[in-house]
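Here are the chains, one letter per residue:
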Amino acid sequence: AHADADGSPAGFLRGLQGGRSADAKDESDRLQSYPADDPRLLIERFGGLRRVLAQMINQGVKLHQADQIVPGEGKVKVCVCDSGVAADHPELIKADCHGEDMRYGNGRFKWKVKASTDEYDIHGTHLAGTIFATDDDFGIRGIVPRSSNADHVECFVTRGLRDDGRGSFGMMARAVEDCVDNDSDVVLLSLGCPCDTHEECRRTRCYTDVMNDYFSELVYQRGVMVIAAAGNTYRDTKLFYPASYRAVVSVGAVDDYGFLGGISNVNDNVEIMGHGEYAMSTAFNGREYGFMKMRGTSMAAAQIAGICAVVWSRHRHCTNEQIRNAVLYTALDKGDPGCDRMYGHGIARARDASDALEEWGCDLDGRWAVSPTPRACDGERNKDAEDFEKAEKDARAREEDATAPPTGGPTADPTEGP
(Lines give C-alpha, C1' and ligand atoms only; values in the text may rest on other atoms or scores of the structure.)
Protein backbone atom coordinates (compact mmCIF):
# COMPACT_ATOMS: atom_id res chain seq x y z
CA ALA A 1 0.00 0.00 0.00
CA HIS A 2 1.38 3.37 -1.00
CA ALA A 3 -1.23 5.68 0.52
CA ASP A 4 -1.83 6.10 4.23
CA ALA A 5 -3.79 8.55 6.31
CA ASP A 6 -3.92 12.33 6.38
CA GLY A 7 -0.77 13.89 4.95
CA SER A 8 -0.33 10.87 2.71
CA PRO A 9 -0.43 11.07 -1.09
CA ALA A 10 -4.12 10.27 -0.90
CA GLY A 11 -4.55 13.31 1.32
CA PHE A 12 -2.56 15.41 -1.11
CA LEU A 13 -4.77 14.28 -3.97
CA ARG A 14 -7.90 15.16 -2.02
CA GLY A 15 -6.43 18.57 -1.34
CA LEU A 16 -5.61 19.04 -4.98
CA GLN A 17 -9.11 18.10 -6.02
CA GLY A 18 -10.60 20.48 -3.49
CA GLY A 19 -13.62 18.27 -2.92
CA ARG A 20 -14.43 18.19 -6.64
CA SER A 21 -13.69 15.71 -9.35
CA ALA A 22 -9.98 15.49 -10.13
CA ASP A 23 -10.90 16.25 -13.72
CA ALA A 24 -13.12 19.28 -13.24
CA LYS A 25 -13.84 21.01 -16.53
CA ASP A 26 -12.24 24.29 -15.50
CA GLU A 27 -8.89 22.50 -15.02
CA SER A 28 -9.05 20.26 -18.06
CA ASP A 29 -6.51 22.12 -20.17
CA ARG A 30 -3.94 23.04 -17.51
CA LEU A 31 -1.38 20.46 -18.66
CA GLN A 32 -0.10 19.62 -22.10
CA SER A 33 2.45 17.32 -23.66
CA TYR A 34 5.61 18.75 -25.17
CA PRO A 35 6.17 17.48 -28.68
CA ALA A 36 7.81 19.83 -31.15
CA ASP A 37 5.70 21.84 -33.53
CA ASP A 38 7.30 20.39 -36.64
CA PRO A 39 7.82 16.65 -36.16
CA ARG A 40 9.30 14.88 -39.16
CA LEU A 41 6.61 12.44 -40.18
CA LEU A 42 6.98 8.72 -40.61
CA ILE A 43 10.12 8.04 -42.59
CA GLU A 44 9.88 4.25 -42.61
CA ARG A 45 6.85 2.03 -42.20
CA PHE A 46 6.17 -1.57 -41.46
CA GLY A 47 2.96 -1.47 -43.48
CA GLY A 48 2.14 -5.18 -43.79
CA LEU A 49 4.84 -5.93 -41.24
CA ARG A 50 7.51 -5.35 -43.88
CA ARG A 51 10.98 -5.35 -42.40
CA VAL A 52 13.35 -2.47 -43.03
CA LEU A 53 16.74 -3.49 -44.29
CA ALA A 54 18.77 -2.29 -41.32
CA GLN A 55 18.41 -0.85 -37.86
CA MET A 56 18.20 2.95 -37.80
CA ILE A 57 20.33 4.93 -35.38
CA ASN A 58 18.87 6.28 -32.17
CA GLN A 59 21.58 8.84 -31.52
CA GLY A 60 20.68 9.03 -27.85
CA VAL A 61 21.89 5.46 -27.34
CA LYS A 62 25.43 6.45 -28.31
CA LEU A 63 25.40 9.92 -26.78
CA HIS A 64 24.37 8.51 -23.39
CA GLN A 65 26.65 5.41 -23.50
CA ALA A 66 23.61 3.14 -23.44
CA ASP A 67 25.36 0.83 -25.92
CA GLN A 68 28.19 0.37 -23.42
CA ILE A 69 26.13 -0.97 -20.54
CA VAL A 70 23.60 -3.72 -19.89
CA PRO A 71 21.04 -3.93 -17.07
CA GLY A 72 21.93 -5.66 -13.85
CA GLU A 73 19.99 -8.20 -11.83
CA GLY A 74 17.88 -5.70 -9.91
CA LYS A 75 14.29 -5.19 -11.02
CA VAL A 76 13.28 -1.62 -11.90
CA LYS A 77 9.87 -0.60 -13.26
CA VAL A 78 9.53 2.48 -15.45
CA CYS A 79 6.10 4.09 -15.75
CA VAL A 80 5.34 6.11 -18.89
CA CYS A 81 2.62 8.47 -17.68
CA ASP A 82 1.47 10.04 -20.93
CA SER A 83 -1.08 9.59 -23.74
CA GLY A 84 -1.07 5.81 -23.97
CA VAL A 85 1.18 3.41 -25.87
CA ALA A 86 0.66 1.30 -28.98
CA ALA A 87 2.09 -1.75 -27.25
CA ASP A 88 1.47 -3.93 -30.33
CA HIS A 89 4.07 -2.01 -32.31
CA PRO A 90 6.55 -4.65 -33.58
CA GLU A 91 9.40 -2.91 -31.76
CA LEU A 92 7.49 -2.81 -28.47
CA ILE A 93 5.92 -6.27 -28.30
CA LYS A 94 8.89 -7.71 -26.42
CA ALA A 95 8.71 -4.87 -23.90
CA ASP A 96 5.53 -6.55 -22.65
CA CYS A 97 4.08 -3.30 -21.30
CA HIS A 98 1.27 -3.43 -18.78
CA GLY A 99 -0.89 -0.56 -17.65
CA GLU A 100 -3.84 1.07 -15.96
CA ASP A 101 -6.84 2.48 -17.83
CA MET A 102 -8.27 5.78 -16.69
CA ARG A 103 -11.82 7.03 -16.48
CA TYR A 104 -12.38 10.66 -17.43
CA GLY A 105 -15.90 12.04 -17.16
CA ASN A 106 -18.16 9.56 -18.93
CA GLY A 107 -15.39 8.15 -21.12
CA ARG A 108 -12.61 5.67 -20.61
CA PHE A 109 -9.06 6.20 -21.79
CA LYS A 110 -7.16 3.02 -22.47
CA TRP A 111 -3.41 2.95 -21.98
CA LYS A 112 -3.06 0.44 -24.83
CA VAL A 113 -4.08 2.26 -28.00
CA LYS A 114 -5.12 0.19 -31.03
CA ALA A 115 -5.95 0.73 -34.66
CA SER A 116 -9.46 -0.55 -34.00
CA THR A 117 -10.29 2.55 -31.93
CA ASP A 118 -10.08 6.29 -32.40
CA GLU A 119 -7.90 6.57 -29.31
CA TYR A 120 -4.32 7.07 -30.33
CA ASP A 121 -1.53 9.55 -29.92
CA ILE A 122 2.03 9.37 -31.21
CA HIS A 123 3.56 11.02 -28.15
CA GLY A 124 3.34 8.19 -25.61
CA THR A 125 4.35 5.55 -28.15
CA HIS A 126 7.41 7.59 -29.11
CA LEU A 127 8.50 7.84 -25.48
CA ALA A 128 8.05 4.12 -24.84
CA GLY A 129 10.13 3.25 -27.90
CA THR A 130 12.91 5.59 -26.77
CA ILE A 131 13.24 3.51 -23.62
CA PHE A 132 12.20 -0.02 -24.62
CA ALA A 133 12.44 -0.59 -28.41
CA THR A 134 13.93 -4.00 -29.21
CA ASP A 135 17.56 -4.32 -30.28
CA ASP A 136 17.32 -6.37 -33.48
CA ASP A 137 18.13 -6.05 -37.16
CA PHE A 138 15.47 -3.47 -38.00
CA GLY A 139 13.73 -0.39 -36.64
CA ILE A 140 15.55 1.26 -33.73
CA ARG A 141 16.83 0.23 -30.31
CA GLY A 142 15.87 1.87 -27.06
CA ILE A 143 18.02 2.87 -24.12
CA VAL A 144 17.03 -0.38 -22.37
CA PRO A 145 16.01 -2.74 -25.19
CA ARG A 146 14.00 -5.72 -24.10
CA SER A 147 16.35 -8.15 -25.82
CA SER A 148 19.12 -7.13 -23.43
CA ASN A 149 17.34 -6.75 -20.11
CA ALA A 150 15.29 -9.94 -19.81
CA ASP A 151 12.83 -9.08 -17.04
CA HIS A 152 14.99 -6.64 -15.12
CA VAL A 153 13.64 -3.32 -16.40
CA GLU A 154 9.87 -3.42 -16.79
CA CYS A 155 7.45 -1.23 -18.74
CA PHE A 156 4.30 0.15 -17.13
CA VAL A 157 1.90 2.68 -18.67
CA THR A 158 -0.78 5.03 -17.31
CA ARG A 159 -2.79 7.78 -18.96
CA GLY A 160 -1.78 11.23 -17.72
CA LEU A 161 -3.26 12.99 -20.77
CA ARG A 162 -6.40 12.83 -22.86
CA ASP A 163 -6.34 11.84 -26.51
CA ASP A 164 -5.81 15.48 -27.50
CA GLY A 165 -2.56 15.62 -25.53
CA ARG A 166 -3.94 17.77 -22.73
CA GLY A 167 -5.11 17.12 -19.19
CA SER A 168 -5.53 18.39 -15.64
CA PHE A 169 -3.31 18.17 -12.60
CA GLY A 170 -5.89 15.93 -10.99
CA MET A 171 -5.71 13.58 -13.96
CA MET A 172 -1.90 13.59 -13.81
CA ALA A 173 -1.79 13.02 -10.06
CA ARG A 174 -4.18 10.09 -10.28
CA ALA A 175 -2.10 8.58 -13.09
CA VAL A 176 1.11 9.02 -11.09
CA GLU A 177 -0.55 7.34 -8.12
CA ASP A 178 -1.47 4.44 -10.40
CA CYS A 179 2.20 4.19 -11.34
CA VAL A 180 3.31 4.04 -7.72
CA ASP A 181 0.49 1.74 -6.61
CA ASN A 182 1.80 -0.69 -9.22
CA ASP A 183 5.32 -0.52 -7.75
CA SER A 184 6.90 1.73 -10.36
CA ASP A 185 10.35 3.00 -9.42
CA VAL A 186 10.82 5.62 -12.17
CA VAL A 187 7.95 7.84 -13.32
CA LEU A 188 8.25 9.72 -16.63
CA LEU A 189 6.21 12.93 -17.03
CA SER A 190 6.70 14.52 -20.45
CA LEU A 191 3.97 17.08 -19.78
CA GLY A 192 3.54 20.25 -17.81
CA CYS A 193 2.23 23.76 -17.25
CA PRO A 194 4.21 26.88 -18.28
CA CYS A 195 4.44 30.17 -16.40
CA ASP A 196 6.81 33.15 -16.38
CA THR A 197 7.21 34.17 -12.74
CA HIS A 198 6.67 32.61 -9.33
CA GLU A 199 3.69 34.88 -8.79
CA GLU A 200 2.12 33.88 -12.10
CA CYS A 201 2.81 30.20 -11.39
CA ARG A 202 0.82 30.47 -8.17
CA ARG A 203 -1.95 32.53 -9.70
CA THR A 204 -2.46 30.11 -12.60
CA ARG A 205 -1.93 27.16 -10.25
CA CYS A 206 0.86 25.74 -12.37
CA TYR A 207 2.59 25.66 -8.98
CA THR A 208 0.71 24.64 -5.84
CA ASP A 209 1.94 23.79 -2.35
CA VAL A 210 -0.15 20.63 -2.52
CA MET A 211 1.67 19.27 -5.58
CA ASN A 212 5.04 20.42 -4.26
CA ASP A 213 4.41 18.44 -1.07
CA TYR A 214 3.12 15.48 -3.06
CA PHE A 215 6.20 15.16 -5.27
CA SER A 216 8.50 15.74 -2.29
CA GLU A 217 6.78 12.93 -0.43
CA LEU A 218 7.00 10.63 -3.45
CA VAL A 219 10.72 11.20 -3.88
CA TYR A 220 12.07 11.70 -0.37
CA GLN A 221 9.84 9.30 1.56
CA ARG A 222 8.55 6.71 -0.91
CA GLY A 223 11.77 6.38 -2.89
CA VAL A 224 10.35 7.07 -6.36
CA MET A 225 12.38 8.85 -9.05
CA VAL A 226 10.27 11.37 -10.96
CA ILE A 227 11.65 12.66 -14.27
CA ALA A 228 9.97 15.44 -16.25
CA ALA A 229 10.44 17.47 -19.42
CA ALA A 230 11.72 21.02 -18.84
CA GLY A 231 9.53 22.38 -21.64
CA ASN A 232 9.91 23.57 -25.23
CA THR A 233 10.10 27.35 -25.20
CA TYR A 234 12.97 27.83 -27.62
CA ARG A 235 15.58 28.80 -25.00
CA ASP A 236 13.16 30.90 -23.00
CA THR A 237 13.47 30.93 -19.20
CA LYS A 238 9.88 29.97 -18.40
CA LEU A 239 9.20 27.75 -15.43
CA PHE A 240 7.45 24.46 -16.20
CA TYR A 241 5.66 22.33 -13.64
CA PRO A 242 6.00 19.59 -12.55
CA ALA A 243 9.61 19.71 -13.86
CA SER A 244 10.39 22.84 -11.81
CA TYR A 245 9.43 21.24 -8.50
CA ARG A 246 12.56 20.62 -6.47
CA ALA A 247 12.00 16.91 -6.01
CA VAL A 248 11.58 16.30 -9.74
CA VAL A 249 14.47 15.77 -12.19
CA SER A 250 14.09 18.51 -14.82
CA VAL A 251 15.48 17.49 -18.24
CA GLY A 252 16.58 19.74 -21.09
CA ALA A 253 17.38 18.68 -24.66
CA VAL A 254 20.58 18.49 -26.71
CA ASP A 255 21.16 17.58 -30.36
CA ASP A 256 23.11 14.71 -31.94
CA TYR A 257 26.40 16.44 -31.16
CA GLY A 258 25.63 17.36 -27.57
CA PHE A 259 24.85 21.03 -28.16
CA LEU A 260 21.84 22.74 -26.60
CA GLY A 261 18.73 22.04 -28.63
CA GLY A 262 17.08 25.04 -30.22
CA ILE A 263 13.75 24.09 -28.68
CA SER A 264 14.88 23.44 -25.11
CA ASN A 265 13.80 25.53 -22.16
CA VAL A 266 16.57 27.02 -19.98
CA ASN A 267 16.24 28.01 -16.33
CA ASP A 268 17.82 27.43 -12.94
CA ASN A 269 15.84 24.22 -12.42
CA VAL A 270 17.17 22.35 -15.46
CA GLU A 271 19.26 19.59 -13.99
CA ILE A 272 20.46 17.22 -16.73
CA MET A 273 20.41 16.97 -20.51
CA GLY A 274 19.10 14.21 -22.76
CA HIS A 275 19.05 13.75 -26.51
CA GLY A 276 15.90 15.38 -27.85
CA GLU A 277 16.58 16.98 -31.23
CA TYR A 278 14.93 14.96 -34.00
CA ALA A 279 15.08 11.79 -31.92
CA MET A 280 14.02 8.68 -33.81
CA SER A 281 11.52 6.36 -32.15
CA THR A 282 8.40 4.27 -32.57
CA ALA A 283 5.19 5.82 -33.87
CA PHE A 284 1.57 4.95 -34.54
CA ASN A 285 -0.83 7.08 -36.57
CA GLY A 286 -4.04 5.21 -35.83
CA ARG A 287 -3.69 2.98 -38.89
CA GLU A 288 -0.14 1.70 -39.10
CA TYR A 289 3.04 1.31 -37.10
CA GLY A 290 6.26 3.03 -38.08
CA PHE A 291 8.94 5.44 -36.94
CA MET A 292 9.13 9.17 -36.49
CA LYS A 293 11.68 11.84 -35.68
CA MET A 294 10.45 14.25 -33.03
CA ARG A 295 12.20 17.02 -31.13
CA GLY A 296 11.62 18.27 -27.65
CA THR A 297 12.39 17.85 -23.97
CA SER A 298 9.78 15.07 -23.87
CA MET A 299 12.12 12.89 -25.88
CA ALA A 300 15.08 13.96 -23.76
CA ALA A 301 13.25 13.07 -20.53
CA ALA A 302 12.53 9.58 -21.87
CA GLN A 303 16.26 9.06 -22.52
CA ILE A 304 17.04 10.03 -18.92
CA ALA A 305 14.32 7.75 -17.54
CA GLY A 306 15.90 4.84 -19.41
CA ILE A 307 19.40 5.75 -18.21
CA CYS A 308 18.35 6.00 -14.56
CA ALA A 309 16.54 2.66 -14.84
CA VAL A 310 19.49 0.76 -16.31
CA VAL A 311 21.95 2.26 -13.80
CA TRP A 312 19.60 1.54 -10.90
CA SER A 313 19.14 -2.07 -12.03
CA ARG A 314 22.91 -2.54 -11.68
CA HIS A 315 22.99 -0.91 -8.23
CA ARG A 316 19.61 -1.78 -6.77
CA HIS A 317 20.85 -1.38 -3.21
CA CYS A 318 21.29 2.36 -3.79
CA THR A 319 18.50 4.86 -3.15
CA ASN A 320 16.76 6.96 -5.76
CA GLU A 321 18.64 10.04 -4.55
CA GLN A 322 21.98 8.26 -4.83
CA ILE A 323 21.24 7.14 -8.39
CA ARG A 324 20.17 10.67 -9.26
CA ASN A 325 23.36 12.07 -7.75
CA ALA A 326 25.58 9.59 -9.62
CA VAL A 327 23.97 10.51 -12.95
CA LEU A 328 24.45 14.22 -12.22
CA TYR A 329 27.98 13.86 -10.86
CA THR A 330 29.26 11.92 -13.88
CA ALA A 331 27.47 14.00 -16.52
CA LEU A 332 29.57 15.37 -19.37
CA ASP A 333 30.04 19.05 -18.55
CA LYS A 334 28.80 21.45 -21.22
CA GLY A 335 28.56 25.23 -21.47
CA ASP A 336 30.16 27.18 -18.62
CA PRO A 337 32.36 25.11 -16.29
CA GLY A 338 30.28 23.39 -13.67
CA CYS A 339 26.53 23.54 -13.45
CA ASP A 340 24.79 26.24 -15.45
CA ARG A 341 21.26 27.16 -16.47
CA MET A 342 21.83 26.18 -20.12
CA TYR A 343 22.96 22.57 -19.59
CA GLY A 344 22.43 21.90 -15.88
CA HIS A 345 25.09 19.40 -14.85
CA GLY A 346 25.58 18.30 -18.46
CA ILE A 347 24.80 15.26 -20.61
CA ALA A 348 23.93 12.04 -18.79
CA ARG A 349 26.32 9.10 -19.34
CA ALA A 350 25.05 5.71 -18.24
CA ARG A 351 28.31 3.75 -18.15
CA ASP A 352 30.20 6.47 -16.29
CA ALA A 353 27.45 6.71 -13.66
CA SER A 354 27.47 2.96 -13.12
CA ASP A 355 31.28 2.81 -12.98
CA ALA A 356 31.34 5.57 -10.37
CA LEU A 357 28.88 3.69 -8.18
CA GLU A 358 30.89 0.51 -8.62
CA GLU A 359 34.13 2.22 -7.61
CA TRP A 360 32.98 4.54 -4.83
CA GLY A 361 29.75 3.00 -3.59
CA CYS A 362 26.26 4.46 -3.43
CA ASP A 363 27.34 7.71 -1.77
CA LEU A 364 30.31 8.15 -4.15
CA ASP A 365 32.54 8.46 -1.05
CA GLY A 366 30.84 11.71 -0.15
CA ARG A 367 30.95 13.21 -3.63
CA TRP A 368 27.66 15.02 -4.21
CA ALA A 369 26.67 16.92 -7.30
CA VAL A 370 23.78 18.24 -5.25
CA SER A 371 22.96 17.91 -1.57
CA PRO A 372 20.28 15.31 -0.92
CA THR A 373 17.39 17.78 -0.72
CA PRO A 374 18.04 21.07 -2.61
CA ARG A 375 18.02 21.20 -6.39
CA ALA A 376 20.83 23.77 -6.64
CA CYS A 377 24.32 23.09 -7.90
CA ASP A 378 27.46 24.17 -6.07
CA GLY A 379 28.63 27.75 -6.41
CA GLU A 380 26.40 30.36 -7.99
CA ARG A 381 23.36 28.13 -8.29
CA ASN A 382 23.13 27.92 -4.51
CA LYS A 383 22.22 31.60 -4.61
CA ASP A 384 19.73 30.89 -7.40
CA ALA A 385 18.10 28.29 -5.15
CA GLU A 386 17.96 30.72 -2.23
CA ASP A 387 16.39 33.36 -4.47
CA PHE A 388 13.86 30.80 -5.70
CA GLU A 389 12.91 29.82 -2.16
CA LYS A 390 12.64 33.46 -1.09
CA ALA A 391 10.37 34.23 -4.06
CA GLU A 392 8.14 31.29 -3.18
CA LYS A 393 7.94 32.34 0.48
CA ASP A 394 7.24 35.95 -0.45
CA ALA A 395 4.47 34.89 -2.84
CA ARG A 396 2.93 32.68 -0.18
CA ALA A 397 3.10 35.48 2.41
CA ARG A 398 1.35 37.87 0.02
CA GLU A 399 -1.42 35.33 -0.52
CA GLU A 400 -1.85 34.89 3.22
CA ASP A 401 -1.88 38.65 3.80
CA ALA A 402 -4.48 39.11 1.08
CA THR A 403 -6.85 36.58 2.64
CA ALA A 404 -6.20 37.38 6.32
CA PRO A 405 -8.92 39.32 8.20
CA PRO A 406 -7.94 42.86 9.22
CA THR A 407 -6.53 43.18 12.73
CA GLY A 408 -6.73 46.93 13.00
CA GLY A 409 -6.88 50.08 10.96
CA PRO A 410 -5.37 50.10 7.49
CA THR A 411 -1.73 51.06 7.21
CA ALA A 412 0.08 52.41 4.22
CA ASP A 413 3.40 51.11 3.04
CA PRO A 414 5.39 54.03 1.61
CA THR A 415 7.28 51.68 -0.67
CA GLU A 416 4.10 50.46 -2.32
CA GLY A 417 2.42 52.20 -5.22
CA PRO A 418 -1.34 52.91 -5.38
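Since the model is a prediction, treat every value here as computed from it, not as a measurement. (Residues numbered from 1 in each chain as written. Predicted model: local features only at pLDDT ≥ 70, side-chain atom pairs only at ≥ 80, totals over all residues. Heavy atoms only, no water.)

## Points about the packing of aromatic side chains
- Following the criterion strictly, the structure yields 7 aromatic pairs and no others.
- On the basis of an interplanar angle of 40° and a centroid distance of 5.4 Å, the ring pair of Tyr207 and Tyr245 is categorised as tilted. Placement of Tyr207 in the loop between helix H6 (198-203) and helix H7 (209-220) and of Tyr245 in the loop between strand E12 (239-241) and strand E13 (249-254) is noted, with a sequence separation of 38 residues between them.
- The class of Tyr245 is buried, set by a relative accessible area of 1%.
- Between Phe215 and Tyr245 the ring centres are 5.6 Å apart and the planes differ by 35°, which places this aromatic pair in the tilted class. With Phe215 in helix H7 and Tyr245 in the loop between E12 and E13, this pair connects stretches of sequence that are 30 residues apart. By the burial criterion, Phe215 is buried, and Tyr245 matches it.
- One aromatic cluster in this structure is built from Tyr207, Tyr214, Phe215, Tyr241 and Tyr245.
- Cation over ring: Arg316 sits above Trp312, and NZ or CZ is 4.7 Å from the ring centre.
- Stacked on the ring of Phe259, the Lys or Arg Lys334 has its end atom at 4.6 Å from the ring centre. (Phe/Tyr/Trp six-rings, centres within 6.5 Å; stacked < 30°, edge-to-face > 60°. Helix = DSSP H or I, 4+ residues; strand = E, 2+ residues; numbered from the N terminus. Buried < 20%, exposed > 50% of the residue type's maximum accessible area, 1.4 Å probe, protein only. Lys NZ or Arg CZ within 6 Å of the ring centre and 35° of its normal.)

## A word on the state of the cysteines
- Tallied over the entire structure, the rule returns 5 disulfides.
- The disulfide partner of Cys79 is Cys179, and the gap between their sulfur atoms is 2.1 Å. Taking the sign of the S-S torsion, about -55° here, the bridge from Cys79 to Cys179 comes out left-handed. Residue Cys79 is found in strand E3 (residues 76-82), and its partner Cys179 is found in helix H5 (residues 169-181); the two are separated by 100 residues along the sequence.
- In this structure Cys79 comes out as buried when scored by relative accessible area, which is 0%.
- Paired by a disulfide, Cys97 and Cys155 hold their sulfur atoms 2.0 Å apart. The chirality of the disulfide connecting Cys97 with Cys155 is right-handed, given an S-S dihedral of about 90°. One end of the pair, Cys97, is in the loop between E3 and strand E4 (98-100); the other, Cys155, is in strand E7 (residues 153-159), with 58 residues separating them in the sequence.
- Taking relative accessible area as the criterion, Cys155 reaches 4% and is therefore assigned buried.
- Of all cysteine sulfurs, the one in Cys179 lies closest to Cys81, which takes part in no disulfide; the gap is 4.8 Å. (Disulfide = S-S within 2.5 Å.)

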